Amino acid sequence: VKTIGILTSGGDAPGMNAAIRAVVRTALANGLEVKGIRRGFTGLLEEDIIDLNANSVSDIIQRGGTILYTARCPEFVTKEGQDKGAEVCRKHGIDGLVVIGGDGSFQGAKQLAARGINTVGLPGTIDLDIACTDYTIGFDTAVNTAMESIDKVRDTSTSHERCSIIEVMGRNAGYIALWCGIANGAEDVLTTERYDHDEQRIISNIIEKRKIGKKHHIIVNAEGIGDSYGMAKRIEAATGMETRATIIGHIQRGGSPTCKDRVYASAMGAKAVDILCRGGSNRVVAYKHGEFVDFDINEALAMKKDLDEYLFQMSKKLSR
Ligand code: F6P
């Protein structure tokens, strides 16, 4: 490869800037040129492409968001969009492309690879819902933000002897919810993967815990379950315990990345360039069993993943 393009796609995640910086600096160290494609695949189709040098990525490793902006691009799901994307890459001399995003973004990378553009995907999402990897860029920062927010809600919940339902992000995945459930010592964790929608069980749990002297009741609710406000009303009516719902929302997507997100995102960015320099294409960088590895995109997209059953069972025991 001679010129590497880089884009961020889908929801942003803290640590994406660290990955961009690593791609740019590693590519330059290998004598390559680098082009930044702004606003994901949308920007590729609109040729919103800028030259990147070592200075373009200085002072960004500590910043949340993505300096390249991001978008979700319905047009890139079509054959016409994908053909045009490959054409734009060729027009701008981009023969290697790093795509930072989730499974949807990897589908786009796969289509470009099929059209002769060497592509490597980096897992960037706060949701941790990419099957081939135990780590995704942004999860660590997001889960720490959620944990700190829940600690704060817990203070006021205890003072007022209330039940608090705190809804965390994750789309249909319950990783942020489960990790917070453990880290915040929640009395209940509801995830799409495990919750049986038995609200009566939660109500009985609250009543039991009150009897043994618990002053608060923290329920971490995954976004995929939703209905936190409705649930709060029903729980208050059934238990007599004042209940409040808090949806943490997009605060979880922003902020300065943690050390882990900066270091792992940097390692993944550097690895993506190494793969392209070795002639690799249609690959995804992953972190598996304590090592940075890479998989064929088709193989990665076919993998399945579930919440860690041990952690889930443990969280239930610890909340007694
Ligand atoms: O995928 C990241 C994520 O923050 C999910 O947790 C959430 O469901 C979704 O994106 C929110 O998307 P938007 O920013 O478009 O509202």
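Residues numbered from 1 in each chain as written. Predicted model: local features only at pLDDT ≥ 70, side-chain atom pairs only at ≥ 80, totals over all residues.

(A) Representation of the pairing of strand β2 (residues 33-37) in the model. Taking burial as the measure, the 5 residues of β2 include 4 buried ones, the bulk of the element. Alignment of strand β1 (residues 3-8) against β2, held across 4 bridges, turns out to be parallel. When the bridges of β2 are listed, threonine 3 appears paired with glutamate 33. As judged from the 4 bridges shared by β2 and strand β3 (residues 49-52), these two strands associate in the antiparallel manner. Looking at β3, one finds that glycine 36 is bridged to isoleucine 50. (Buried ≥ 20, exposed ≤ 12 C-beta atoms within 10 Å, placed from the backbone. Helix = DSSP H or I, 4+ residues; strand = E, 2+ residues; numbered from the N terminus. Pairing = 2+ DSSP bridges.)

(B) Summary view of the UniProt feature "binding site: ATP" (unreviewed entry) in the chain. The UniProt record annotates "binding site: ATP" (unreviewed entry) at Gly11, Arg72, Cys73, Gly102, Asp103, Gly104 and Ser105. The greatest C-alpha distance among the residues just named is 13.3 Å, despite their covering 95 residues of sequence, which places them together in space. Positionally, aspartate 103 belongs in helix α4 (residues 103-114). The residues contacting aspartate 103, other than those within four sequence positions of it, are Ile130 and Leu301. (UniProt positions renumbered as here; feature names shortened; annotations may be inferred. Contact = placed C-beta atoms within 7 Å.)

(C) Region of interest: the nonpolar core. Counting 88 residues, the largest nonpolar core has Ala19 and Val23 as the members making the most contacts within it. Excluding residues that lie within four positions of it along the chain, valine 23 makes contacts with Ile4, Ile6, Val98, Gly269, Ala272 and Val273. (Core = buried A, V, L, I, M, F, W, Y, C linked by C-beta atoms within 7 Å.)

(D) Layout of helix α1 (residues 16-29). Taking 1.5 Å per residue, 14 residues should reach 20 Å; α1 reaches 20 Å between its end C-alpha atoms and fits that length. Of all 14 residues making up α1, 12 are buried, and the element is well covered by its neighbours. Close packing links the buried residues of α1 with β1, β2, β3, β4 (96-101), β5 (118-123) and α9 (259-277). Directly after α1, the chain includes glycine 31, whose backbone phi takes a positive value near 75°. (Expected span 1.5 Å × (residues − 1).)

(E) Structural view of the UniProt feature "domain: Phosphofructokinase" (unreviewed entry) in the chain. This chain's UniProt record puts "domain: Phosphofructokinase" (unreviewed entry) on residues 4-276. From the first C-alpha to the last, residues 4-276 spans 9 Å; its make-up is 43% helix and 17% strand.

(F) Examining the pairing of strand β8 (residues 217-222) more closely. Of all 6 residues in β8, 6 are buried, a share of seventy percent or more. Neither face of β8 is open: one carries His217, Ile219 and Asn221, the other Ile218, Val220 and Ala222, and all of them are buried. Across 6 bridges, strand β6 (residues 163-168) lies against β8 in parallel orientation. Directly across from valine 168, in β8, lies its bridge partner alanine 222. The parallel pair strand β7 (residues 188-190) and β8 is bridged by helix α7 (residues 199-211), and the resulting crossover is right-handed. (Right-handed = clockwise from strand over helix to strand, strands pointing away.)

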